Amino acid sequence: MPQSEVTASRPQRWDVPFGDAMREEDVDQLLQIEPFLGMDAERFPAALPLRGILQNDTRVNHYQDGAIIVREGDYGGSAFLVVQGKARVVLAGLDSDVLGRQPDAKPGFLNSLFRQFRNPQLPEVRSHVTADTDLVANDSLEVADLAQTRVFLQDVPRVLENTRSVVLHTGEIFGELAALTRSPRTATVLADGEAVLLEIRWQGLRDLMRRTEALRRHIERLYRENSLRVHLRETPLLSNLPDEHLEAVAEATVFETHGDFQWHETFDSSASGDAAEAVVAEPLIAEEGSTCEGLVLVRSGFARLSHRFGHGHRTVAYLGKGQVFGLAEAIQSSLKKSPVPMSNSLRALGYVDVLQIPQSVLEEHVFPHVSQQLLSEAAEKHAVYCGEHHCDLQSDSIGGEQAQVETPLLEFLVEQRFINGEQAMLVDLDRCTRCDDCIRACAATHDNNPRFIRHGFRHGSTMVAHACMHCVDPVCMIGCPTGAIGRDRTTGIVQINDLTCIGCSTCANSCPYDNIRMVEVRDSSDAIVIDESTKQPIYKATKCDLCADLPMGPACQHACPHDALVRMDLGNLGELSEWVNR
Amino acid sequence: MKSFVSRRLSSAALTIAVLALLVFWAQRQKSTLGDASFGTGYVLLAAIFFLASYNVRKKLPTLPWASSSDWLQAHIYVALGSAAIFGLHVEWRLPTGIFDSTLAMLYLATFVSGIVGLFWTRSIPARLARVSEEVIYERIPMLRSQLCERAQEAVLETVRSTGSATLGEFYSRQMHGYFEKTRGLGYFLRPNNRVRRRLLAELTEMSRYLSPPEQATCEQLFAMVRRRDDLDFHAALQWRLKAWLFLHIGLTYPLLAVACLHGALAHLFDGGLL
């Protein structure tokens, strides 16, 4: 007869350190170099000491000449400090083949067939847990990563020929932006000669930055020096600007942060307050009717573009990373030689990082280098025309793909913050027969445990189901003490490492969309696993993993007979518009 | 993304083209004094096996084969085409023998159930979507029971606080059964809002005799009656969407068995299976 309960020790942060080679003397050495030398160990709480962070959230990596440290496009989970030697940041995109990318191995037909028959009968069985064993095993992903074979760039001078690059020296940090904003790396970094780097897990970096103002300033300065120019080059009209003028623009660019980084703590999707008041309460970046003061570039986060209508504000579009605001007005102001009022307002949705280029700098360093015709075309392209019923955007008008989606649907997506979803599950209720084939397929793929609920917020016949949306800004990752929830390095899929999840529910509580479920787990003998000290069940966080290991993608979408269910990037309004108007 | 209209047109064109080829082949056989019945019979049997295999595909969702949506499209057009092949096979006459008539009836019943199901799967979801609340079928009994408890609680509380039994008596006489019992088969076959309209009208009539606190409870009851009706509507239509599929699949297996037997007998009467 199987046991009904089995005890295990509750997992803790640092049960699985980032690397196993950090000895006490290594930590002592680190504390002798900047930026750790300048840190006040007293500012760290006893439960989270500076030494502990360095010992458990960092590791020392040795690289040979030409070894790839990070690859452009990979999702970052850590930052790097150059301890010894040099690193070269390659600013132009390199081919996947050159970077040694390998396609993920997918299971074959027979494996896919048999996995379904191997599924346990009871829910949430963890086959790796047996009675009287520790619930925490080695984090195979990170351990494998530590021992991984490094990829080298062959014939570095030839590959980097005609490619812009920047050299980072001892004491410099890189990769922090991707790690902290949970976004893809913007450049490839190679070892320039033999190099020793300290890799800092993002949880450790977060805790260091929280308690060290100097580190925060240091990282901002590095961004200004290294990444700002890349960002500016990607902006319309600035891509072909002569270097000395781009330098002047970079010097004058102002960094601004609007909203709250941890916006999810105050956001309540079920609140049914006054929508007009809610819009007004959003942090204002630029106001309709005010004088144009320059160009706004969205660096990360989302902002609402709205236009006054009646007693409220009608949403015209939402802007995300890389999109621009105010270009049409800036050009018109320059052409007319007098300031033009802004035709729309821009407000932060939760949290947004923007760069502001002042109007005077645009007029002095940018517009003189662009032909009148190009300026007029850009002004026309970026203009937004608002009529009585809706506002018209030109295609590709704000630096990204924007298409016509009816205003109420747009308002709904913005109000509920679904714009954050890169793989949101949309259900067309006009086609969904409620057959639950999607649920069954999901369960069959996940050991008989469905990882979503076919229920959620509705707008007309469109429903956004409770399934992980693999957000652009996955706020669920912010508070995770062990880093169990993180992005897959190459695909960006937000995954939970069951082995290092301590069941603290922080991610589930942080998810503004209620898409993470905490479940009691069973061991291989079907007994519920309980904590040996408290005798309470041990929970694990579960959610949709987008069926990353299936060759045909998400099983739910693949199993829908009526084309009612789709996984979609809600930041891509063109795709949404096409789906709605099929 | 391909629009539904263009998908429909291309699938229909392909089906018609394949059927035209088959008709041409059958006519050619006939004109050369040949026998097309074995050929059309085998094509029909293959089509039926293909149609039945969709259920197997649904049961094995982890396999990397075409999406369920593509399978359903193929299922629909092969099924529509199979009707023409069936006509060609029986030479547009109903069979007279008991065995062949049974087989023909089984095929026609399966085909008609499929057509009716197709109509329902295309029309019922939109009707369900018009209801303000989206409900998961398995949760409906729980939601009904919660609603019944809330209604009863609200009325009892009002009776306790006002000391008046007017609303309580009305509730126990006219409304308690509505909240407590499930709807009959008639409603499941043809859902309508007659009971809802009657109850709301009676409640409106009653409200003129109620005190302000009772009227406030009455307002709550209005909302609860509507919600209960919406739940029943969802239950009836979602049940129908599940029940037709049960019938359709249930007919498939005897059809397959009898069709195989028919083929074997045809060969035996034609001079042996080999």
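In this report, we go over the structure that sits alongside the text. If you're wondering where the values come from, they're calculated on a predicted model, not measured in any experiment. (Residues numbered from 1 in each chain as written. Chains lettered and ligands numbered in written order. Predicted model: local features only at pLDDT ≥ 70, side-chain atom pairs only at ≥ 80, totals over all residues. Heavy atoms only, no water.)

Side note on the interface of chain B and chain A
Under the convention used in this document: For this analysis, residues touch if any pair of their heavy atoms sits within 4.5 Å. Values labelled buried area give the accessible surface lost by two parts on being combined, using a 1.4 Å probe and summing over both. One speaks of a salt bridge when a side-chain nitrogen belonging to Lys or Arg is within 4 Å of a carboxyl oxygen belonging to Asp or Glu.
If you look at the interface, chain B gives 36 residues, while chain A gives 35 residues. Together, the buried faces of chain B and chain A total about 3,100 Å²; carbon and sulfur atoms form 57% of this surface. Interface area lost by chain B to chain A is led by M1(B), T62(B) and E134(B), which between them contribute 24%. At the junction of chain B and chain A, the tally comes to four salt bridges. For the salt bridge of E134(B) with R434(A), the shortest nitrogen-to-oxygen distance reads 2.7 Å.

With respect to the sheet that holds strand β16 (residues 424-428) of chain A
Residue and element names in this part refer to chain A. Heads up, the condition is: Each pair of strands is called paired provided DSSP finds at least two bridges between the two strands. Secondary structure is summarised from DSSP: a helix means a run of H or I of at least four residues, a strand means a run of E of at least two, and numbering begins at the N terminus for each. To obtain an axis, a line is fitted to C-alpha atoms, over the contacting stretch when the element is a helix, and the angle between two such axes runs from 0 to 180 degrees between their N-to-C directions.
Across the sheet, which stays open at both edges, the four strands sit in the order β17-β18-β16-β24 with antiparallel pairing between neighbours. With one partner strand each, in any of the chains shown, β17 (453-459) and β24 (565-568) form the two edges of the open sheet. With direction set aside, neighbouring strand axes in the sheet form an average angle of 40 degrees. In this structure, β17 lies alongside strand β18 (residues 462-466), joined through five bridges in antiparallel fashion. From the neighbouring strand, G456 faces β18, where its bridge partner is A465. This element, helix α15 (residues 407-415), spans β17 and β18 of the sheet and lies at about 125 degrees to β17.

A closer look at the packing of helix α1 (residues 4-31) of chain B against helix α3 (residues 68-89) of chain B
Residues and elements named next belong to chain B. Filter applied, for reference: Convention used here: angles under 35 degrees read as roughly parallel, angles over 145 as roughly antiparallel, angles from 65 to 115 as roughly perpendicular, and any remaining angle as oblique. Each crossing gets its handedness from the near helix: less than a right angle anticlockwise from the far helix is left-handed, clockwise is right-handed. As a working rule, the residues Ala, Val, Leu, Ile, Met, Phe, Trp, Tyr, Cys and Pro are called nonpolar, Asp, Glu, Lys and Arg charged, and the rest polar, with Gly in that last group.
Look at α1 against α3: their axes get within 10 Å of each other, and the N-to-C directions meet at 30 degrees. When the axis of α1 is compared with that of α3, the two are roughly parallel. Every pair of crossing elements has a handedness; the one defined by α1 and α3 is right-handed. Contact residues: R7, R8, S11, A12, T15, L19, L22, V23 and A26 in α1; S69, Q73, Y77, G81, A84, I85 and L88 in α3. In terms of residue class, the contact of α1 with α3 is built from nine nonpolar, five polar and two charged.

Description of a nonpolar patch on the surface
Heads up, the condition is: Only residues whose relative accessible area exceeds 30% and that form no salt bridge enter a patch; like-charged residues are grouped when within 9 Å of one another, and nonpolar side chains (Val, Leu, Ile, Met, Phe, Trp, Tyr) when within 5 Å. Every accessible area reported is derived by Shrake-Rupley at a probe size of 1.4 Å, with residue values counting cover from the shown protein chains alone.
A surface patch of nonpolar side chains, amounting to about 460 Å² of accessible area, comprises F109(A), L110(A), F114(A) and F117(A). Of note, F109(A) is situated in helix α3 (residues 109-117).

Remarks on the layout of surface pockets
Filter applied, for reference: Cavity: a set of points on a 1 Å grid over the protein atoms alone where a 1.4 Å probe fits but cannot get out. Pocket: an open set with protein on both sides within 12 Å along at least five of seven lines, its lining residues, like those of a cavity, having an atom within 4 Å of a point. Grid points are joined across faces, edges and corners, and a volume is the space filled by probe spheres set on the points.
What the second largest pocket holds in volume is close to 1,200 Å³. Taken together, 50 residues form the lining of the second largest pocket, with Y54(B), K58(B), L245(B), H248(B) and I249(B) sitting closest to its centre. Of all elements in the fold, only α16 (437-445) of chain A together with α2 (37-59), α3, α4 (98-129) and α9 (212-269) of chain B reach the threshold of two or more residues within the lining of the second largest pocket. At ten residues, the largest contribution of residues to the lining of the second largest pocket is made by α9(B).

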